[in-house]
Structure formats: structure tokens, C-alpha cells
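# Observations on the model geometry
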Amino acid sequence: MKKGNKLFVVSALLTSLVFAGCSQQPAAEGGGANAGGGDKKIVIGFSQVTSESPFYTALVDGAKAEAQKQGVELVVMDAQNDIEKQNADVQDLITKGIDVLILNPTNPTAVVPALNAAKQANIQVVTVDRPTEEKVAAFVGRDNKEMGRIAGKQAVALLGGEGKATGKVIELQGDAGGKVMMDRHDGFHEIVGKESGVKIVEGPYADYVRAKAVKAFQDLLQANPDVNLVYAHNDDMALGALQVLEQAKMLDKVKIVGIDGLSEAVKAIVDGKYSATVFNDPTKLGAIVVDTALKVAKGEQVPEYVDGGTGLIDASNAKDVYNEKDVFAQMK
């Protein structure tokens with residue numbers, strides 16, 4: 001072979017090797033978490049129901065902190081309590097190339113288009129806080145009926161004890177037809193309903209909003225000045241009742257029991273203005289759901305229901321769990 005031909009062959013071989021390396025590069029980077037792409041950073045999509053609620057803001061903060069800790073990318077989208085936007089958001093997240101989807105559904109049935117889109121894209125779904133009626137890889141949440149039971153047991157204790165409780169309870173309810181609302185209602189009634197000496201006055205739906213609860217409770221208090229205890233489906237509404245009772249100079253006569261462990265409520269317990277609340281730490285829930293979603297993305301087995309845990313906060317432990325820097329009391 002002539003010298004010129006040898007140089008041509010060597011040059012051709014080098015060129016083919018360079019192009020071969022370039023063609024293999026995307027395969028090493030792509031393919032998603034389930035395709036075994038070695039160094040690819042797992043991307044978790046999170047479609048959140050709303051960012052207006054302090055609870056959901058803290059939930060996302062907990063999720064972001066856990067994602068950073070675990071070295072995964074978290075893409076969060078806010079549905080703004082709009083199911084059509086949520087379904088569109090999920091399509092957008094799929095287009096962005098997520099490996100697994102965290103979903104806090106605006107509506108448990110109307111979110112089916114989003115679930116179908118994820119299924120068609122072979123993307124597993126983990127729901128958080130609110131379950132869907134369709135089967136998903138896992139649901140990370142808390143037993144809201146048990147929360148209602150815990151609140152109910154505390155209410156009975158405050159009204160005289162099991163089998164001896166007496167008095168009138170005003171119940172401030174969440175959103176009409178909501179699963180959380182129904183569970184917190186049913187759990188409470190399961191316990192307190194056994195007490196023949198206790199009457200429960202069910203108030204209107206205040207949508208977990210303090211301003212709405214204030215207005216509703218003003219009317220309820222006028223009609224029921226002999227109230228002994230207020231039970232609210234969340235602390236924000238319970239604090240609205242506290243505001244009205246303070247203005248009416250009746251706070252020393254009426255006990256208040258809420259749910260969520262809002263730090264403002266915990267501080268009120270420390271100050272002796274509020275009787276009890278039930279743990280619903282959103283920061284921990286956010287960390288648990290990211291950890292669960294990551295396991296799902298890696299193909300690991302996870303339980304269908306992952307319980308975030310709960311418990312009572314009252315005068316016995318309020319000082320221990322209160323931290324003015326936290327929006328919600330954090331479970332130790």
C-alpha cells in the first residue's frame with residue numbers, strides 16, 4: 001500500500017470512531033430512570049393542587065428539601081385549584097421528560113385524564129395528601145378519619161370524660177363533599193356521637209378559610225350562646241372561632257380543638273387560649289412523598305399506602321413542639 005493510501009485509511013478510521021462515539025452519547029444520557037441510564041439525574045414532576053394554602057406551601061418546601069438532599073430534580077407546577085389546568089400541567093410535565101409523577105389531585109375523579117396521560121407515557125404516579133379513585137403506585141398521606149377520632153377523644157375528655165361528657169359542640173366544616181372533610185367529620189362523630197349528653201351543631205362549609213369561618217361562627221355563636229366546645233376541621237378555621245370568642249369575651253368558657261398543628265394554634269395552646277390540635281406535619285409529608293417517588297422511579301417495591309403519621313398536641317407537649325420559625329409543628 002502506498003504512503004498516501006495509508007494516511008487516508010488511518011484518517012477514515014479516526015473519523016468513523018469519532019462519529020460512533022457521538023452517536024452513542026445520547027443513549028448513555030437518555031432513556032429515563034427505568035431505562036437504566038447510569039448517571040442520569042432522576043426528574044420528579046409534582047402537580048400541586050394550590051400554592052395559596054400554607055399547608056401546601058410547606059408540603060412543597062419539604063419536598064424540595066428532600067429532593068435536594070437525595071440529589072434529584074423536582075419540577076413543581078401549581079394547578080391553582082383548577083382541574084383543567086392540572087390536567088394540562090401533567091401533560092406539560094410529561095413533555096418535560098419526568099421519570100415519575102407526584103400528584104395532589106384537585107378532584108379525585110376529574111383528574112383521570114392526567115392519570116391516563118401518565119399511563120400512556122409509562123410514567124408511574126404517586127399521590128399525596130388526597131387520594132384518587134384510580135389505582136396508582138402509592139398514596140402518601142394521613143388517616144384523616146383517625147385525626148377526627150383523636151380530636152373527638154380530646155373533646156370528650158374536655159367535656160367530662162367518656163360516658164360522662166355533656167355540652168354543646170359547634171363543628172366548623174371544610175369543603176362540601178371533600179374526602180378530607182368527610183373523614184374528619186365522620187371520625188369525630190364516631191367518638192363524640194356515643195356521648196348522649198353531647199349535642200353537635202354542624203356549621204356551614206367554610207372551605208378551611210379563616211375569614212369564612214369568622215363569618216360563619218359569628219352567626220353560629222349568636223344562635224348558640226351556650227356552646228361549650230368548638231371543633232374545626234383545620235386550625236385556620238378554629239383560629240377564626242378563637243378571634244370571635246375573644247371579641248365576645250367568651251374565650252374562658254369555650255374549649256377549642258382543631259387539626260393540622262398550625263404553629264399559630266400551638267402557640268395559642270401554650271398561651272392557654274386553645275385546647276388541642278392534631279399533628280398533620282406537611283413538611284414531613286413532602287419529604288416522605290419524594291422519597292417514595294424516588295423508590296418508585298428506581299423500580300423498588302413500595303406500599304400502596306404510606307402513612308405519614310399523626311398524634312395529639314395539647315398543653316402537655318405544646319412547648320416541646322412549638323417553633324416560631326415553623327408554619328406547622330414538625331413531628332419529631
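Below you will find a few notes about this structure. (Residues numbered from 1 in each chain as written. Predicted model: local features only at pLDDT ≥ 70, side-chain atom pairs only at ≥ 80, totals over all residues. Heavy atoms only, no water.)

## As for the packing of aromatic side chains
Pairs of aromatic rings are described using the distance from one ring centre to the other and the angle between the two planes. Threshold: Only centres within 6.5 Å qualify two rings of Phe, Tyr or Trp (six-membered ring in Trp) as a pair; their planes then separate them into stacked at under 30 degrees, edge-to-face at over 60, and tilted for everything else. Here a helix means four or more residues in a row that DSSP labels H or I, a strand means two or more in a row labelled E, and each is numbered from the N terminus.
Following the criterion strictly, the structure yields four aromatic pairs and no others. Measuring from ring centre to ring centre gives 5.4 Å for Phe55 and Tyr56, while their planes differ by 80°; the resulting arrangement is edge-to-face. Centroid distance Phe55 to Phe328: 5.6 Å. Interplanar angle 90°. Geometry classified as edge-to-face. Highlighted residues: Phe55 in helix H2 (residues 54-70) and Phe328 in the segment after helix H11 (318-321), separated in sequence by 273 residues. Taken together, the aromatic side chains of Phe55, Tyr56 and Phe328 make up a single cluster linked through ring pairs.

## What about the sheet that holds strand S7 (residues 198-205)?
What counts is decided by this rule: Should DSSP find at least two bridges between two strands, the strands are taken to pair. The axes are straight lines fitted to the C-alpha atoms, using for helices just the contacting stretch, and the angles between their N-to-C directions are given from 0 to 180°. Contacts are assigned to residue pairs with any non-hydrogen atoms lying within 4.5 Å of each other.
Pairing is parallel across the open sheet formed by four strands, whose spatial order is S7-S6-S8-S9. In the strand order of this sheet, the two ends are held by S7 and strand S9 (255-257), each with one partner. Averaged over all adjacent pairs, the angle separating strand axes in this sheet is 20°, with direction ignored. As paired strands, strand S8 (residues 229-232) and S9 are joined by three bridges and run parallel to one another. Bridge pairing links Val230 to Ile256 in S9. In this fold helix H5 (residues 144-158) packs onto S8 and S9, with an angle of close to 175° to the strand it touches most, S8. Packed onto the sheet, helix H8 (residues 235-247) meets strand S6 (167-173), S8 and S9 and runs at close to 150° relative to S8.

## Comments concerning the pairing of strand S4 (residues 124-128)
Here is the rule: The buried label goes to any residue with under 20% of its type's maximum accessible area, the exposed label to any with over 50%, and the partly exposed label to all in between, with areas taken from a 1.4 Å probe on protein chains only.
Extensive coverage of S4 is indicated by the burial of four of its five residues. Note: strand S3 (residues 100-103) against S4, four bridges, orientation parallel. Bridging across to S4, Leu101 finds its partner in Val125.

## Structural notes on unusual backbone geometry
Not every positive phi belongs to a glycine, and Gln80 is a case in point at roughly 55°. Structurally, Gln80 is set in the loop between strand S2 (73-78) and helix H3 (83-95). On the accessibility criterion, Gln80 (52% relative accessible area) is exposed. With phi around 55°, Lys249 is a residue other than glycine that occupies positive phi space. Counting through the fold element by element, Lys249 comes out in the loop between H8 and S9. By relative accessible area, Lys249 is classed as exposed at 70%.

## What about the pattern of salt bridges?
Filter applied, for reference: Salt bridges are defined by distance alone: a side-chain nitrogen of Lys or Arg within 4 Å of a carboxyl oxygen of Asp or Glu.
Inspection of every chain in the model, using the stated rule, returns 14 salt bridges. Among the ionic pairs, Arg149 bridges to Glu146, the shortest N-O distance being 3.0 Å. Taken as a pair, Arg149 and Glu146 lie in helix H5 at a separation of three residues, close to a single helical turn. A single salt-bridge network, built from bridges that share partners, covers Glu146, Arg149 and Glu190.

## Considerations on the environment of Asn224
Definition in use: Polar contact is defined as a pair of N or O atoms within 3.5 Å, subject to the rule that within protein one atom must be able to donate a hydrogen and the other to accept it, and that residues adjacent in sequence are counted only when both atoms are side-chain atoms.
Here Asn224 shows up in the loop between helix H7 (210-223) and S8. Assessed through its relative accessible area of 9%, Asn224 is described here as buried. Remark: the alpha-carbon pair of Asn224 and Val169, spanning 55 residues in sequence, is separated by 9.4 Å. The contacts of Asn224, once residues within four sequence positions are left out, are Lys168, Ile170 and Val201. Here Lys168 takes part through its side chain, which lies 3.1 Å from a polar atom of the side chain of Asn224.

## Considerations on the layout of surface pockets
Let me state the cut-off plainly: With a 1 Å grid spanning the protein atoms alone, the term cavity applies to any set of points in which a 1.4 Å probe fits but cannot get out, the term pocket to an open set with protein on both sides within 12 Å along at least five of seven lines, and the term lining residue to any residue with an atom within 4 Å of a point. Grid points are joined across faces, edges and corners, and a volume is the space filled by probe spheres set on the points. Each residue is assigned to one of three groups, with Ala, Val, Leu, Ile, Met, Phe, Trp, Tyr, Cys and Pro labelled nonpolar, Asp, Glu, Lys and Arg labelled charged, and all others, Gly among them, labelled polar.
Taken as a whole, the largest pocket holds about 770 Å³ of empty space. For the lining of the largest pocket, the elements supplying multiple residues, two or more each, are H2, helix H6 (179-192) and H8. Its residues placed into classes, the lining of the largest pocket shows 11 nonpolar, 10 polar and 10 charged. Each pocket or cavity is described by its volume, and for the second largest pocket that value is around 290 Å³. Leu115, Lys119, Ile123, Gln124 and Lys135 are, among the 13 residues lining the second largest pocket, the residues nearest its centre. Broken down by element, the residue count for the lining of the second largest pocket peaks at four residues, all from helix H4 (residues 112-120). Here the residues of the lining of the second largest pocket are counted per class, giving six nonpolar, four polar and three charged.

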